[in-house]
Amino acid sequence: MAEVEETLKRIQTHKGVIGTIVVNAEGIPIRTTLDNSTTVQYTGLLHQLTMKARSTVRDIDPQNDLAFLRIRSKKHEIMVAPDKEYLLIVIQNPSE
Amino acid sequence: MGAGGLNTKGRHTQLGSGYLSCTSAFSGSPQPQPCHPNDILPLTLTSATQELFGCRCDEDVTGDNPYKILRKEDIVQDMRMRAAVSDFSPMKQLVLDYPEDELLLVYDRDFIYGSSFYLVLTADAKERHLKPVVALGVEVALEREPSEVFAAQKTSEPQPWISLGSEQEIEEESVTDSRPRLKYRISRVRREFGAPIFFSDRNAMETKDGFIECTPYQDKNFSLKQMERHTGVQTIPNLKSSSTQTQWTYPRSMCTQYEPREFSEEKKENCLQSEKLKNFVNSVASRFEIAIQQNEIMDVFFDDWKALSEEDSGYGRKADPHLKEYQSFTDLHFSKEKTISNINWHPTINGVIAVAVTERLSFEDRINGSTKLLLNPSLILFWSFSDPINPQLLLECPDDVFSFEFCPSDPNIIVGGCMNGQVVLWDISTHVEQLQGTRTSGGKNIAANTNALNETPVVRYCAVSGIENGHKAPITDIQWLPGTFEVSRMGVPMENKNGICVQIVTCAPDCCVMFWDIRAPRVLQTMADQRKQKVEEKPLENPHGVPNTFKHLDLTWKPLIRVSLPKIDTSGEYSPLKISLRDNTCDNHTGSNAGEYLPSLFLRKTRLQLVLSTTFCPQDGELVYTDWKLEKDNDSGRLFSAKPSHRFIIHDGQVNTVRRSPFFKDIILTVGGWTFAIWKEGVTNGPIIQSSCSQKKCTVGYWSQSRPAVLFIGKEDGNIDVWDLLEKTHEPSQTQNITATQITCIKPWIVSSKQHLLAVSDHLGTLHILEIPWTLRSPSSNEKLSMSKYFEKEVDRLVYFEKRREMRAKEKKDYEAEELRKKTPPVVQVLPLKKMREACNFHHRYT
């Protein structure tokens, strides 16, 4: 538990990181540093997107699997790391 | 013998006068013999006979009179005499048998019966002939009288039936016994009647003829093949019809409400504790670290090429960075020998600008020429771009106006501060349409306008403060408090829920800052007063056509609060020239949340932050910063304002401009003397930027509305300096000469994204409108960010210098202490002294 905390805190304290969210397989947030409504919104949307991305990768090559998803927008970068049971989302503001 | 041929042409003779009948015998002529009744006999008479009996054809007997009576005796005699030659010989016996004495001979002119004459054989027939005759379809026209005809038809006598052969048909059809009927008699033994019946089977095949069968046979009719057939053919599109039963759905409002699933706290805890999560996070964290660090190092998506091009395009597109003259207004009538003290753009109507025109006289001259001045009223002119010659509207003022402002929430209300200390209110709502009309119609209506209105309309002020209540010195600055703000009688700033600006703050060099309220004072009135007022109000007319908007304030207007700012160090008070208020309110756009926002809003801002520029003598100016609040003096119970927190003297002359930047709420520009300075609120060490002294005095300054780094400074030689702080800070980036005299006011205005205008007024009373070129109006990329960074840097610099100063002061003190100690006998060691000296030397050299 403390290890998990520590790792997450380490990620959180990087420069420009706005928030981190840990989501379970069903899309329910377990741990977050953002407020509730934002968390719910991010979780819902990114969960679906991750599933879609993963299915895309596997369709092309069934032996392959999605390792990491980065979405770069004008303002932020959203990074998603999927797993069989969990999802870790990090939002960072890359410039300034 | 009587072979009288059928010689109609010939004459027939007749024999005797008897009645004869003879058959006509035709020799060789195949003429069919017509049927004749039995009682007449056709006969041919020779001409000799005819002469003898006197029945010559067409002489004695004619068609009209064909009857000739012949005596029997004559006929008999004729027959005796001529025997075989006589025409009557064939019918000798008939003649002899004739019962009567006279026979009728009828001339058959038309040979109906085959001969030229016929003899009637029976007496009845004779009677019949002589009497009305039976019509046989013959043209035997008997001369009868009409009465006989009718009489004959009515009473027709029964005639004997003449057989025409029909009875034979009937006989054939009728059934008659052809033989006698046969009779049979059958008998049977009685006991055999009613006996039980016993049926038995019998094979039909056993006996011959046991059955009769009707064998089927192939009827050839049905196997006929039709070889040819004649039909018509037509092509039609392929149609297929089908039907379904559809279900009719009617719209029904439905809604779904959902909320995201969430875990309870315990579940979350459980999850967090789980081993799987730990493994997951450990495995995944490294990827994140790499990615985040990548982002930190460099922004890979930053388009350098594009960013580079943006700056270049500024130079390439419009090389001319100068302010172009757009229009200039001067009125010979009203602004002759006058100067413009203040300019204001109309906030809502495009192209309308108002200028306050004042006299260019010094104080003594004013006193000397006061009578003349009274005759020429002071005015505020409204100019419109559509008409550069005539002002659109004139506002009449009791005295020269040095500053005026449009009300931000209602642009029809204008407040001005006069030279005699009065505060004046105008309401131009009646003339707004005219102002708007001149702008939109442009050229078309100018002719109409000039015809209709030969002179510009003059609007008189609708309220003016009482002279004794107002300032005692010319009002130099007047401002509306923002619409969300209001100050109570106690001086506590409060939330103004209406959003309408209702309060004004004025300042004058009489050491007063006054707050005015334009609403009607809620004064308790006695009944008598109310009655009196009502009576007075009715006959009260509007002599000057002034709207009654502020009638309640006219001549009785008192300031809400009168504030004087005591000096910090010395006694006395500051005499303010210009005010700048900090707009501390936040956006109240979220109306629905207003209820929640409000308490927090005014809890935060219970103080009014003012920055005042004051003067304590005409030559010097200082800047006073105060977080103003009225306090109650416990001793006397009076309200007085707290001492200002800071004051600065940096300008060498009067500070004539105190302006906040439109982009940064805490950056203030002050212009005075030969310099200008930029301040940041909260930084109390000094201005964060101060310009170098320029050659000429700076008279006005203003921030650019669209570029955070640009300022306009007006000089007393008619130049405008454009400073671009990101480009150069030691000198203006460009200077442009606008007019020959001192510039009195600068006001920029954004008309549209393509047109930014700068209104510049000069000491001669001319208003110049300049167009700001693209280089000066479009911000470069990240300009605001760069500016804020620049300001931060400057602040850091100040802080650093402050620290350095302190450190130096400390070191100096230490050094002096050390020097002092040196004079006394040294007790301490030499080494530390030397070291200290070295240190001091080092410091002296490098600071």
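Residues numbered from 1 in each chain as written. Chains lettered and ligands numbered in written order. Predicted model: local features only at pLDDT ≥ 70, side-chain atom pairs only at ≥ 80, totals over all residues. Heavy atoms only, no water.

With that out of the way, let us pick up the overall build of chain B. Counting secondary structure elements, chain B contains 18 helices and 37 strands. When burial is assessed residue by residue, chain B has 39% of its 847 residues classed as buried. Within chain B, counting contacts between residues at least 6 apart in sequence, those at least 24 apart form 64% of the total. (Helix = DSSP H or I, 4+ residues; strand = E, 2+ residues; numbered from the N terminus. Buried < 20%, exposed > 50% of the residue type's maximum accessible area, 1.4 Å probe, protein only. Contact = heavy atoms within 4.5 Å.)

Let us now look at the pattern of salt bridges. For the coordinates displayed, the defined rule picks out 22 salt bridges over all chains. Here Glu192(B) ties to Arg188(B) by a salt bridge, and the two come within 3.4 Å at their closest N and O atoms. The exposed category is assigned to Arg188(B), whose relative accessible area is 53%. The shortest N-O distance in the salt bridge between Lys822(B) and Glu819(B) comes to 3.8 Å. Pair noted here: Lys822(B) and Glu819(B) are both in helix α17 (residues 783-823), with a separation of three residues, about one helical turn. One network of salt bridges, in which partners are shared, links Arg54(A), Arg58(A) and Asp65(A). (Salt bridge = Lys/Arg side-chain N within 4 Å of Asp/Glu carboxyl O.)

To continue, consider the confidence of the model for chain B. Interpreting fine coordinate detail is not advised for predicted regions of low pLDDT. Residue and element names in this part refer to chain B. Mean pLDDT over chain B: 73, with 71% of residues reaching 70 or higher. Across residues 1-33 the pLDDT falls below 50, and counting only partners more than four positions away or on other chains, this stretch makes 141 contacts in the model. Model confidence for the complex is summarised by a pTM of 0.53, with the ipTM given as 0.87. (pLDDT = per-residue confidence, 0-100.)

Before going further, it helps to spend a moment on the state of the cysteines. Residues and elements named next belong to chain B. Applying the stated criterion to the full structure yields zero disulfides over all chains. Not engaged in a disulfide, the cysteine cysteine 397 finds its nearest cysteine sulfur in cysteine 418; these two sulfurs lie 5.9 Å apart. This cysteine, cysteine 698, is not joined by any disulfide, and cysteine 693 carries the nearest cysteine sulfur, 8.7 Å off. (Disulfide = S-S within 2.5 Å.)

The interface is formed by 29 residues belonging to chain B together with 36 residues belonging to chain A. Carbon and sulfur atoms make up 64% of the area that chain B and chain A hide from each other, which totals about 3,300 Å². Between the two partners, chain B and chain A, sit three salt bridges. A salt bridge links Glu289(B) to Arg10(A); its shortest N-O distance comes to 3.2 Å. One can count 13 residue pairs in polar contact (both at pLDDT 80 or more) joining chain B with chain A. At the level of elements, α7 (265-273) and α8 (275-297) of chain B are the ones that each hand at least two residues to the side of chain B that touches chain A. (Buried area = accessible area lost by both parts, 1.4 Å probe. Polar contact = N/O pair within 3.5 Å; in protein donor to acceptor, adjacent residues only side chain to side chain.)

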